[in-house]
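Each chain, written out:
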Amino acid sequence: MPRYITGGFPAVLNNIWLGRDESQAVATALQPKLTKTQASIETLMFDVILLEVALNSGCEAVALANLMPRYWADFIRNSDMSEVK
């Protein structure tokens, strides 16, 4: 786990305006949000690299749809039907 997750939140824990108990409560409240955000960013980074490799290798639309089904479904749902054909 990265240092900023395991090492706490120095900006919060060492804040002169927060007491020890308050800063610990804030750090505890932020921990799950930071962990969730980190997981989302890692997933997004994986998807970006996957898309880059697929586009650089000349991947066809059908293969790309199989590699990235969530994005394909979103594209189909939100696109103008004249563009989807």
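Just so it is clear, the model here is predicted, and its values are computed rather than measured.

About the thresholds
Counting of residues starts from 1 at the beginning of each chain's written sequence and follows it residue by residue. Reporting of local features is limited, given that this is a predicted model, to residues whose pLDDT is at least 70; pairs of side-chain atoms are given and counted only at 80 or more, and all residues count toward the totals for whole chains, interfaces and linings. By convention in this description, side-chain values take in all heavy atoms of the structure and omit both hydrogens and water. For the purposes of this entry, the term helix denotes a DSSP run of H or I that reaches at least four residues, the term strand denotes a run of E that reaches at least two, and both are numbered from the N terminus. For each residue, the accessible area found with a 1.4 Å probe, counting protein chains only, is set against the maximum for its type, and the residue is called buried under 20%, exposed over 50%, and partly exposed in between. The contact criterion used is simple: two residues touch if any of their non-hydrogen atoms lie within 4.5 Å. Computed with a 1.4 Å probe, the accessible areas rest on the Shrake-Rupley method; for each residue, only the protein chains presented here act as cover. Excluding any residue in a salt bridge, patches collect residues exceeding 30% relative accessible area, merging like charges within 9 Å and nonpolar Val, Leu, Ile, Met, Phe, Trp and Tyr side chains within 5 Å. Only one rule defines a salt bridge in this text: a Lys or Arg side-chain nitrogen within 4 Å of an Asp or Glu carboxyl oxygen. Under the pairing criterion, centres of Phe, Tyr and Trp rings, with the six-membered ring standing for Trp, must be within 6.5 Å; the plane angle then separates stacked pairs below 30 degrees from edge-to-face pairs above 60, leaving the rest tilted. Any Lys NZ or Arg CZ that is within 6 Å of a ring centre and within 35 degrees of that ring's normal is treated as a charge sitting over the ring. Scored from 0 to 100, pLDDT records how confident the predictor is in each individual residue.

Looking at the overall build of the chain
Here is step 1: Assigned secondary structure in the chain consists of six helices and zero strands.
Here is step 2: The helix and strand sequence of the chain, counted from the amino end, reads α-α-α-α-α-α.
Here is step 3: The buried share among the 85 residues of the chain stands at 15%.
Here is step 4: Counted over contacts in the chain with a minimum sequence separation of 6, partners at least 24 positions apart contribute 31%.
Here is step 5: A total of about 7000 Å² of accessible surface is found on the chain, and carbon and sulfur atoms cover 63% of it.

Description of a nonpolar patch on the surface
Here is step 1: Taken together, the side chains of Leu44, Val48 and Tyr71 present a nonpolar region at the surface, about 270 Å² in accessible area.
Here is step 2: With respect to the helices and strands, Tyr71 occurs in helix 5 (residues 69-78).

Remarks on the packing of aromatic side chains
Two numbers describe a pair of aromatic rings. These are the distance of the centres and the angle of the planes.
Here is step 1: Within this structure, the stated rule accounts for one aromatic pair.
Here is step 2: Both rings, one in Trp72 and one in Phe75, keep their centres 5.5 Å apart while their planes meet at 40°; by these two values the pair is tilted. Highlighted residues: Trp72 and Phe75, both in helix 5, separated by three residues, approximately one helical turn.
Here is step 3: On the accessibility criterion, Trp72 (38% relative accessible area) is partly exposed.
Here is step 4: On the accessibility criterion, Phe75 (35% relative accessible area) is partly exposed.
Here is step 5: One residue, Arg70, lies across the ring of Tyr71, its end atom 4.8 Å from the ring centre.

Considerations on the confidence of the model for the chain
Here is step 1: For the chain, mean pLDDT is 83; residues scoring 70 or higher make up 87% of the total.
Here is step 2: By mean pLDDT, helix 1 (residues 3-6) is the weakest element of the chain at 52, and helix 3 (residues 20-56) is the strongest at 90.

A few points about the pattern of salt bridges
Here is step 1: In this structure the tally under the stated criterion is one salt bridge.
Here is step 2: A salt bridge links Asp47 to Arg70, with the nearest nitrogen and oxygen atoms 2.8 Å apart. With Asp47 in helix 3 and Arg70 in helix 5, this residue pair connects regions lying 23 residues apart in the sequence.

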